[in-house]
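Now for the letters of each chain:
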Amino acid sequence: MTRHFLTLSDFSADDLFALVERATVLKGLHRRGVRYQPLVGRTLAMIFALKSTRTRVAFETAMHQLGGHALVITADDSQLGRGEPVEDTARVFAEMVDAVMIRTLDHGRVESFAAASSVPVVNGMTSRFHPCQLLADMQTYSERRGDIRGATVAFVGDGYNMCNSYVEAAALFGFQLRIATPPGHAPEAGLLAATDNAALVDSPAEAVTGADLVVTDVWSSMGHEGEEAARLAVFNGYQVTPELLDRASADALFMHCLPAHRGEEISADLLDDPRSAVWEEAGNRLHSQKALLEYLLLGR
Ligand code: CP
């Protein structure tokens, strides 16, 4: 049966820990200049219906370094933009490429694509989940602080796709997640109900106090166009600052999937704070995506 990676819970906890560990091994090989090209002759097709910097660069570079090839199409420059059904597109792609990565708001479209695809499909971010980012975040925590099992993680801000994926990650990676969001912006209730490892709290201060990892995301993500001004007001008081981080544990880390909006969800100085791991986190998109592609395409 074809394996897809549409959300973290498509994989077992053992699979996910193995992927994170493998990502660090692949990073080491690359840093030592070792050429490792098990995907020679393989092609990844990437469909972007939304903008991207890190996801595109990570997957394209990953395929290049692994000896394969990546190609990009957008909804606008393909027949998808003229209404060709995703199921037909999936069948055609499977005749020509070895895996597909899709970024689009509608998670259901990615599920429909995957259901019709005989090659692995990867969720490159939808309005519901961003599982690839979580692989990089978990790798970064593991490399900096070791095992995340039993740690406390604080998510402050919008309970959107990143927060939903953190709720799933809490159960699978075995950490406790405290979530501070304004009323009406909590992550999906069904995801929260499915785990004892994630809970809503009343304030950013309560979420962050004693936490080992503090995470946030932008207040207006792709899909929130036109809501920016209203959201600035709603999320007032949810900015992550060095002073807020001072409430966390002494060796706490800060992560943000980027792009960041200084002066909104983070203070202007936060990315320069020694507790910020955001550049490493972004770089680990490459290594964790290599581990994912190796696993999906080679089964190891
Ligand atoms: N974090 C992330 O997914 O970045 P991009 O939107 O630039 O791909």
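Residues numbered from 1 in each chain as written. Predicted model: local features only at pLDDT ≥ 70, side-chain atom pairs only at ≥ 80, totals over all residues. Heavy atoms only, no water.

J.: Give me the site of the ligand: which residues, what numbers.
T.: Near the ligand the following residues occur: Ser52, Thr53, Arg54, Thr55, Arg103, His130, Gln133, Cys257, Leu258 and Arg285. Arg54 places a polar side-chain atom, nitrogen or oxygen, 2.9 Å from an oxygen atom of the ligand. Between the ligand and the protein, one listed contact pairs an oxygen atom with a side-chain N or O atom of Thr55 at 2.8 Å. Taken by itself the ligand offers 250 Å² of open surface, and the protein chains cover 96% of this. (Near = heavy atom within 4 Å. Polar contact = N/O pair within 3.5 Å; in protein donor to acceptor, adjacent residues only side chain to side chain. Areas by Shrake-Rupley, 256 points an atom, 1.4 Å probe, with all protein chains shown as cover.)

J.: Give me the lowdown on the packing of aromatic side chains, citing residues and values where you can.
T.: In total, this model carries 8 aromatic pairs according to the counting rule given. A centroid spacing of 5.0 Å and a plane angle of 70 degrees characterise the contact between Phe17 and Phe173, whose relative ring orientation is edge-to-face. With a gap of 156 residues between them, Phe17 in helix H1 (residues 13–31) and Phe173 in helix H6 (residues 161–173) connect regions that are remote in the sequence. Residue Phe17 is classed as partly exposed on the basis of its relative accessible area, which comes to 21%. Residue classification places Phe173 among the buried residues on the basis of a relative accessible area of 2%. Note on Tyr166 and Phe175: the rings are 6.2 Å apart at their centroids and 55 degrees apart in plane angle, and the pair reads as tilted. Residue Tyr166 shares its accessibility class with Phe175, and that shared class is buried. Through successive ring pairs, a cluster of aromatic residues spans Phe5, Phe11 and Tyr295. (Phe/Tyr/Trp six-rings, centres within 6.5 Å; stacked < 30°, edge-to-face > 60°. Helix = DSSP H or I, 4+ residues; strand = E, 2+ residues; numbered from the N terminus. Buried < 20%, exposed > 50% of the residue type's maximum accessible area, 1.4 Å probe, protein only.)

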